Amino acid sequence: MKDARIIAIGDNVCDKYLSRGKMYPGGQCVNTCAYARLNGTGAAYLGKFGNDAVAAYNQRTLDLLGVDHSRCRLFEGENGFALVTLKGNDRVFLGSNKGGIAKEKPFAFTREDLDYIKGFQVIYTNLNSYIEEDLPLLASTGVPIAYDFSVRWTDEYLARVCPYIQVALLSCAHLSAQRREEEMRKVAAFGVPVVLGTIGEDGSYVLYNGRFSFANAVHADNVIDTMGAGDSYFAAFLCHLLDISESGRLLEGTVEENTRSLRDAMEKGAAFAAKVCAMEGAFGYGTPIAGRTEL
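Calculation rules
- Residues numbered from 1 in each chain as written.
- Predicted model: local features only at pLDDT ≥ 70, side-chain atom pairs only at ≥ 80, totals over all residues.
- Heavy atoms only, no water.
- Axes fitted to C-alpha atoms, helices over the stretch in contact; angles between N-to-C directions.
- Helix = DSSP H or I, 4+ residues; strand = E, 2+ residues; numbered from the N terminus.
- Parallel < 35°, antiparallel > 145°, perpendicular 65-115°, else oblique.
- Left-handed = near helix turned anticlockwise from the far one by under 90°.
- Contact = heavy atoms within 4.5 Å.
- Nonpolar A, V, L, I, M, F, W, Y, C, P; charged D, E, K, R; others polar.
- Pairing = 2+ DSSP bridges.
- Salt bridge = Lys/Arg side-chain N within 4 Å of Asp/Glu carboxyl O.
- Core = buried A, V, L, I, M, F, W, Y, C linked by side-chain atoms within 4.5 Å.
- Buried < 20%, exposed > 50% of the residue type's maximum accessible area, 1.4 Å probe, protein only.

(A) Region of the structure containing the packing of helix H7 (residues 229-243) against helix H8 (residues 255-276). For the pair H7 and H8, interaxial distance at closest approach is 7 Å and the crossing angle is 140 degrees. Judged by the inter-axis angle, H7 sits oblique to H8. The hand of the H7/H8 crossing is right-handed. On H8, the residues touching Ala 229, Ser 232, Tyr 233, Ala 236, Phe 237, His 240 and Leu 241 of H7 are Ser 261, Leu 262, Asp 264, Ala 265, Met 266, Lys 268, Gly 269, Ala 270, Phe 272, Ala 273 and Val 276. Partitioned by chemical class, the residues of the contact of H7 with H8 number 12 nonpolar, 4 polar and 2 charged.

(B) Region of interest: the sheet that holds strand S10 (residues 167-171). What the 9 strands build is an open sheet, ordered S5-S4-S1-S8-S9-S10-S11-S12-S13; its pairing is mixed. Looking at the sheet topology across the chains shown, the edges are occupied by strand S5 (73-74) and strand S13 (211-215). Across 5 bridges, the pairing between S10 and strand S11 (residues 194-198) is parallel. Within the sheet, the bridge partner assigned to Ala 168 lies in S11 and is Val 195. Lying over the sheet, helix H6 (residues 177-189) contacts S10, S11, strand S12 (204-208) and S13, oriented at roughly 35 degrees with respect to S12. This element, H8, spans S11, S12 and S13 of the sheet and lies at about 160 degrees to S12.

(C) Inspection of the pattern of salt bridges at higher detail. Per the counting criterion, the structure on display carries 11 salt bridges. Lys 118 is the partner of Asp 115 in a salt bridge, and the nearest nitrogen-oxygen pair spans 4.0 Å. Across the salt bridge formed by Asp 155 and Lys 186, the nearest N and O atoms sit 2.8 Å from each other. Of the two residues, Asp 155 is situated in helix H5 (residues 155-161) and Lys 186 in helix H6; the sequence distance between them amounts to 31 residues.

(D) Focus on unusual backbone geometry. The residue Ser 150 is not glycine, and still its phi comes out positive at about 55 degrees. Following the sequence through the fold, Ser 150 ends up in the loop between strand S9 (145-148) and H5. Even without a glycine there, the phi angle at Asn 209 is positive, about 55 degrees. Note on placement: Asn 209 falls in the loop between S12 and S13.

(E) Seen up close, the nonpolar core. Residues Ile 6, Tyr 45, Leu 196, Phe 234 and Phe 237 are the most contacted members of the largest nonpolar core, which totals 49 residues. Of all the elements, H7 adds the most residues to this core, at 9 residues. For Leu 196, the residues in contact, after removing those within four places along its chain, are Ala 168, Leu 169, Leu 170, Met 184, Tyr 205, Val 206, Tyr 233, Phe 234, Phe 237 and Met 266. Core analysis: the second largest hydrophobic core is formed by 34 residues, Ala 44, Ile 117, Tyr 157 and Met 184 among them.

(F) Broad picture of the side chain of Asn 79. Here Asn 79 shows up in the loop between S5 and strand S6 (81-87). With a relative accessible area of 0%, Asn 79 lands in the buried category. Those residues in contact with Asn 79 that sit more than four places away from it in its chain are Asn 12, Val 13, Lys 48, Phe 49, Gly 50, Asp 52, Val 54, Ala 55, Asn 58, Asn 97, Gly 99 and Gly 100.

Here's what the structure looks like:
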């Protein structure tokens, strides 16, 4: 769809690489915006910024990427950050300040916010965004919600979130094949139409209309940093579905047509994730570390 747009609502951080002395803009929502732009899809970010150097740098980066962040909340206090090091080419998280000011302040969405959100085709958010209480209100906009559960979910958490979302991503590399299938079916049982389960270098599965489809991972020839691999996969997956849509809906064909579209989107996601592994940080834009380097 021409002019399709994704709005990412939730987290932003800087990933402070102690091994490099650099920090990189990130957070799953900011990553998703950056990856959407790299896939030719319009994007906006609605989140919570502190008033420190980390927040200022993330805002400047969003400006450079052409991502609207005009409806973000600005608070006095420390922005979110994470401490990271590298073990070979793999990023290793050392800890974070849990989103900084974001964990303390509500979104308090207004009618104007909701009208703005209605202008998008997809809402992206995740379990690191302190968004759970707002999901019923966001769902009332009629814009489908794509939600990343990462590797951390419980039956109780699924029951709390799944009734309001249309696309779910579960990172399942730590699960057996049987457990992965069981967990994906749990999500689908709540009425989520599209459930993705990624298994790292072993590929990914989608559960749609009661059936599983599989796509291979794409080998990355030049791995510099695995930060953002999952976010880039999911962003490219969503962008492809929007790109082939005529109406702006994520799925608009027959079951067979939609199954093919989902498989193609998985392949697009895998290919893009492999390219992102050749970038420093989640998507580049490194700068010398500012602010705290301890927790």
